Amino acid sequence: MCRLKEYETFLLEQEYSVNTIRKYVRDVGRFLEYAGTEEPDRMMTLLYKEELQNHYQLSSVNSVLASMNSYLKYIGKADCCVRACRIQRQTIGSTGIRIGELKYITVEALETGVVNVYSKGKARMVLLSDALKELLKDYCQMENIREGSIFITRNGCPVDRKNVWAEMKALCQAAGVPKSKVFPHNLRHLFACCFYEKEKDLVRLADYLGHSNVETTRRYTMISSMGSWQKQLELGLLVPREKDKAERENTE
């Protein structure tokens, strides 16, 4: 495969890491073997994307598509590139950050796994899980984002509340959820509820969310707490009226 060797040399010249080059070459090699040609057309790329979706998780599929699209651009067939599979936004839900803090998640932060956030006159650190880091790295490779903020619009501006709100509303109809109940801040609430359900540590949750007052954090977890309390109240102490009446008659 002459073109694949040329592509590998190109990646070396672009100073990609050794591991990244190995991955790209491996992914592209499998794609070309499937296509049966070193210059596949768009129909073939779409078929391969469908094949991947049938066998792998979407995050893995997108990782392969990033390699494939990079090769297609290299051989001058950018029109054959395919879009990444849509994955529900996981960043806010996995970190509890605010929409306005997305700009602090940068390519550089992925190396350390620590995001330094400055908001409302305060500074705090937000930790990224290994799974989230890998997902974001794949996204950066696919979108050719080499530095700076990861979440940007087509114009290069940081993603804001309007952008996220529009995407969430577009999903409402397919999900069967009323638009009036869906807001970007729901993702932050989701993180808070899930964290509290698992850890039961309100003070540490307040640190993660950047709250100065624990009472503010308590409001985030109120729904989760109410659900737990309601379960605890179901102690089997109540009996149906018919049964209660029958038992009284038997004792008289």
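Because the structure is a prediction, the values reported are computed rather than measured. (Residues numbered from 1 in each chain as written. Predicted model: local features only at pLDDT ≥ 70, side-chain atom pairs only at ≥ 80, totals over all residues. Heavy atoms only, no water.)

1. Some details on the pattern of salt bridges
Going by this rule: The rule for a salt bridge is simple: a side-chain nitrogen of Lys or Arg has to be within 4 Å of a carboxyl oxygen of Asp or Glu. Helix numbers and strand numbers start at the N terminus; a helix is a DSSP run of H or I with at least 4 residues, a strand a run of E with at least 2.
One pass over the structure, following the stated rule, counts seven salt bridges. A salt bridge links Glu-39 to Arg-3, with the nearest nitrogen and oxygen atoms 2.8 Å apart. Of this pair, Glu-39 sits in the loop between helix H2 (18-35) and helix H3 (42-53) while Arg-3 sits in helix H1 (residues 2-13), and the two are 36 residues apart along the sequence. Salt bridges sharing common partners tie together Arg-3, Glu-6 and Glu-39.

2. Section: helix H8 (residues 161-175)
Our working rule: Expected helix span is taken as 1.5 Å per residue step, with the number of steps being one fewer than the number of residues. For every residue, the accessible area obtained with a 1.4 Å probe (protein chains only) is divided by the maximum for its type, and the residue is called buried under 20%, exposed over 50%, and partly exposed between those limits. The arc in question is the one spanned by the directions pointing from the helix axis to the C-beta atoms.
End to end, H8 covers 21 Å across 15 residues, agreeing with the expected 21 Å (1.5 Å per residue, within 8%). Residues Val-164, Met-168, Lys-169 and Cys-172 constitute the buried set of H8. Along the long axis of H8, the arc covered by the buried residues comes to 135°, so they all point the same way. Seen from the buried face of H8, the exposed residues on the opposite side, beyond 90 degrees, are Lys-162, Ala-170, Gln-173 and Ala-174.

3. Describing the packing of helix H9 (residues 185-199) against helix H10 (residues 202-209)
Filter applied, for reference: Each axis is a line fitted through C-alpha atoms, and for a helix only the stretch in contact is used; angles between axes span 0 to 180 degrees, taken between their N-to-C directions. In what follows, roughly perpendicular refers to angles from 65 to 115 degrees, roughly parallel to angles under 35, roughly antiparallel to angles over 145, and oblique to any angle outside these ranges. Left-handed describes a crossing whose near helix is turned anticlockwise from the far helix by less than a right angle; the clockwise case is right-handed. By the convention used here, residues are in contact when the closest approach between their heavy atoms is within 4.5 Å. Following the grouping adopted for this structure description, the nonpolar residues are Ala, Val, Leu, Ile, Met, Phe, Trp, Tyr, Cys and Pro, the charged ones are Asp, Glu, Lys and Arg, and the polar ones are all others, Gly among them.
Interhelical geometry of H9 versus H10 gives an angle of 155° and a closest axis separation of 10 Å. Put simply, H9 runs roughly antiparallel to H10. Where H9 crosses over H10, the two elements pack in a sense that is right-handed. Residues Arg-188, Phe-191, Ala-192, Phe-195, Tyr-196 and Glu-199 of H9 form the contact with H10, whose own contacting residues are Leu-202, Arg-204, Leu-205, Tyr-208 and Leu-209. The class makeup of the residues in the contact of H9 with H10 is eight nonpolar, no polar and three charged.

4. With respect to helix H7 (residues 130-143)
Helix length check: H7, at 14 residues, gives a terminal C-alpha distance of 20 Å against a target of 20 Å (1.5 Å per residue), a fit within 8%. Following H7 by one or two positions, Asn-144 has its phi on the positive side, about 55°.

5. Observations regarding the packing of aromatic side chains
Filter applied, for reference: Aromatic pairing here means that ring centres of Phe, Tyr or Trp (its six-membered ring) are within 6.5 Å. Orientation follows from the plane angle: under 30 degrees is stacked, over 60 is edge-to-face, and everything else is tilted. Charge-over-ring contacts are defined here by two conditions on Lys NZ or Arg CZ: a distance within 6 Å of the ring centre and an angle within 35 degrees of the ring normal.
This structure, assessed with the given rule, holds nine aromatic pairs. Between Tyr-7 and Tyr-71 the ring centres are 5.4 Å apart and the planes differ by 90°, which places this aromatic pair in the edge-to-face class. Here Tyr-7 is found in helix H1, whereas its partner Tyr-71 is found in helix H4 (residues 58-74), with 64 residues between them in sequence. An aromatic cluster is present here, built from Tyr-7, Phe-10, Tyr-71 and Tyr-74 joined pairwise through their rings. Positioned above the aromatic ring of Phe-183, the side-chain terminus of Lys-169 is 4.7 Å from the ring centre.

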